[in-house]
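Listed here are the chains, written in short residue letters.
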Amino acid sequence: MDFTIPLLILAIPLGMFLLLGLAGMKMSHKTAGVLGTLGMGTVLVLSYFTAFQYYFSGNPEFISEAGQRLQSIIFNVDWLAFTPNLVIRLGFLLDPISAMMLIVIPTISFMVHLYSLGYMKGEKGFQRYYAFLSLFSFSMLGLVVATNIFQMYIFWELVGASSYLLIGFFYTLPSAVSASKKAFIVTRFADLGFLVGILILSFYTQTFDFITLTSDPGSVLASTAGATFMGCSVLTLAMVLIFMGGMGKSAMMPLHIWLPDAMEGPTPVSALIHAATMVVAGVYLVARMFPVYLQVPSSLEFVLVIGAITALYAAVVACCQIDIKRVLAFSTISQIAFMMVSLGVARPEIHECLGYMASMFHLFTHAMFKALLFLGAGALIHAVHSNNYTAMGGLRKYMPITHITFLIGCLAIAGIPPFAGFFSKDEILVAVYGYSTFWGIWMSCVAGLTAFYMFRIYYLIFWWNEPDYHHRPHDGEMVMSLPLIILAAVSTVAGFIHFGEFVTWQGHEYQIHMDYVVAGISVAIALVGIFFARFLYLKENDRPRRMADSCRWLWTAANRRFYWDEIYMFITHKIIFNGICRPIAWFDRAVIDGSMNGLAIVTNKASVAIKNLQSGRVQQYVLLYLIGALLLAVITAWCVL
Amino acid sequence: MDITLIYYLVPSLIMFCCGIYGFLTRKNMIAMLISLELMLNAIDINFVVFNRFLYPGSMEGMFFTLFAIAIAAAETAIAIAIIINIFRADKNINVEDASQMKN
């Protein structure tokens, strides 16, 4: 395939970032917004074309005779050649998952660009906002098409930086500033693990290249055999450390604390970055490295356990939040954990690695319906000027488009057929049940909770009791409603895509079989969750309050997110700051600064003491010189005689 | 009576000491300059005399003296120029007062 179009996919958002970032202040808001949206629209068309070429052209570059989808490098340039062995390349890799991401990212990004034309209208720094959106799109696209793990790491940090910039977009709000710092520091801390993992892995395998690493992991990893560090094999260590980077970006416990706070950013940003694209980078990373993970089953176990615990935790917390964006944030954490679990249970012997495909399928559908839900939440916030459901209620009459699309989003995430979430979640549950019944039941419970908390906010927003609105809430303008409608349509039909034909482990076609037992159970559980939510929240009543009162400690704990922030505060402020930082600061001030200051003080004192010698009186100088010369003469004479 | 080396060195030493004494005690810059010239001339005498008595065959000491005289003349011209400028500024050529230049 020609390299022009793939190169343009990356170059257009980057160029748009530079254009809007450098010349944006000279443009009107409208020009900047339309320009950014058009740029993204072009990328959308080009990416669709590329993905279409990849999946359907039948080009031998992309699909073998036997029907196996191949990994194909479109271009790969030497970027930093340190030594003949250590070369960092930047390139464009097309394979089933990157082609899928080429559909997901531009779609969501374009919808968000379009939506923001209405949502962000009149905001100060509108051009800057569009510049950052373009930067983010560029980084995310660069991340998914990375040909080697180092390129991925570079773009990984770039998405982190653009996420930081966008969370802190309202930089005059202290809460937004601290949220952006929190997001950056937490993910940066995780990326440290990622970097160490990369270095360990590439030290042993002598390569950064994904294709070399994943095409024949057994022989590449042979060099790590027997190498251990602190009683654990270095390969396991490297894979767990690489996963740690994914835990940070994908907000897995215990590194999830930044994502709920990241909701301080503008809502379309939450939809794009903190729901659909950036936060799934961790899942994408594990999927990308999956053949290597498969060599180390213990690290996949780790992924599974972390994912399962996070899924349950986030679902429980989501049931007790008041801010609707926080509910969606925890729901995102929970759904990403679903994908992680799915990867964690993927084994070749269980339905030919069904978990891998299910995870990617869920990534795809989740991106669509979660972006939809966030954009819907944005429309609600736009209408009532509050993030809390307490300021909403009975909105179905006033905002019909938002109501219908939000309902579709809720049905999709709850897993009600025929909406998209049902199919992908069902595949995940089949994969999990195939691996272990215990985790299967666990994840089914989480799926039930998902249905409950989504319909809890749905009923509280659109039914319940109508508060006093200062002015009549109404649907957003056309540019805001259109993305909602498109995404709702996609969320309705996306489940019918035969995903197994496009994305599977090793690229062989996989025929999806409906497992009616699992599907029936999960639909039943979801319906129970929905009806329970309907029972509690349809009309204003005191049942929810009585229920909360009956186990107040649990409600409070969940509302406070099980005190994770407090624990972090305690560890950082009390232990790290007092135990480590203060001694270091003391050492810096007392010993390092002290010795420098001491030197300065001694010099100063000495110069004060001897400065009277430099009187400017010539005769005094001569006298001193004479005395010195005589002394030298006497000493010389003494020595000679 | 033979005129030996010592007959030249003693007046030269006296001249040199007078120069030092004058340089250290006089406050008038012109007087100090004169003292300086006195010291230089004492040294010149030494050069010539040592050359004459110790190495009668060679001329280095003589040449050295000629150069020293020439340089001393140039140096005196500069010193006088400086002193005249100080006098123009201060109406005074006391060396103690000139120490204010260091600020």
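Since the structure is predicted, the reported quantities are computational estimates derived from the model, not experimental observations.

K.L.:
Looking at this structure, how should I read the overall build of chain B?
P.N.:
Helix and strand counts for chain B come out as four helices and zero strands. If you list the helices and strands of chain B from N to C, you get α-α-α-α. On C-alpha atoms alone, chain B measures out to a radius of gyration of 17 Å, which is more than a quarter above the 13 Å that the 2.2 N^0.38 rule sets for 103 residues. Seen through its principal axes, chain B has C-alpha atoms that stretch 55 × 25 × 20 Å. Counting every position in chain B, which comprises 103 residues, the buried fraction comes to 26%. Partitioning the contacts of chain B with sequence separation of at least 6, the portion at a separation of at least 24 is 59%. Total accessible area on chain B is roughly 7,000 Å²; 72% of this is exposed by carbon and sulfur atoms. A distance of 10 Å separates the average location of the 6 positive side-chain charges in chain B from that of its 8 negative side-chain charges.

K.L.:
Hey, could you run me through the nonpolar core in this one?
P.N.:
Nonpolar side chains tend to gather and get buried jointly when the protein is soluble and globular. Met 100, Ile 108, Met 289, Leu 395 and Ile 461 of chain A are the most contacted members of the largest nonpolar core, which totals 223 residues. At 22 residues, the largest contribution of residues to this core is made by helix α16 (residues 354-384) of chain A. Not counting chain neighbours up to four residues away, the residues in contact with Leu 395 of chain A comprise Leu 380, Val 384, Ile 461, Phe 462, Tyr 469 and Pro 473 of chain A. Formed by twelve residues, the second largest nonpolar core is a distinct cluster that contains Ile 20, Met 29, Met 32 and Ala 79 of chain B.

K.L.:
Help me understand the pairing of strand β2 (residues 87-94) of chain A, please; the structure alone is not making it clear to me.
P.N.:
Walk down a regular strand and you will see the side chains alternate between the two sheet faces. Residue and element names in this part refer to chain A. Of all eight residues in β2, six are buried; the element is thus mostly enclosed. Bridging between strand β1 (residues 72-81) and β2 involves eight bridges; their strand directions are antiparallel. Bridge pairing in β2 links Ser 72 to Leu 94.

K.L.:
Is there a simple way to explain helix α11 (residues 267-276) of chain A in this structure?
P.N.:
Given 3.6 residues to a turn, an α-helix orients residues that are three or four positions apart in the same direction. All names here are of chain A. When you tally the buried positions in α11, you get ten out of ten residues, the bulk of the element. Those residues of α11 that fall on the buried side of the exposure criterion are Thr 267, Pro 268, Val 269, Ser 270, Ala 271, Leu 272, Ile 273, His 274, Ala 275 and Ala 276. In this structure, the buried side of α11 is in contact with α3 (96-119), α4 (126-144), α5 (149-167), α10 (258-261), α15 (324-345) and α16.

Parameters at a glance
- Residues numbered from 1 in each chain as written.
- Chains lettered and ligands numbered in written order.
- Predicted model: local features only at pLDDT ≥ 70, side-chain atom pairs only at ≥ 80, totals over all residues.
- Heavy atoms only, no water.
- Helix = DSSP H or I, 4+ residues; strand = E, 2+ residues; numbered from the N terminus.
- Rg over C-alpha atoms; globule rule 2.2 N^0.38 Å.
- Buried < 20%, exposed > 50% of the residue type's maximum accessible area, 1.4 Å probe, protein only.
- Contact = heavy atoms within 4.5 Å.
- Areas by Shrake-Rupley, 256 points an atom, 1.4 Å probe, with all protein chains shown as cover.
- Lys, Arg positive; Asp, Glu negative; His and termini not counted.
- Charge placed at Lys NZ, Arg CZ, Asp CG, Glu CD.
- Core = buried A, V, L, I, M, F, W, Y, C linked by side-chain atoms within 4.5 Å.
- Pairing = 2+ DSSP bridges.

Function-wise, these values are silent; they only describe arrangement.
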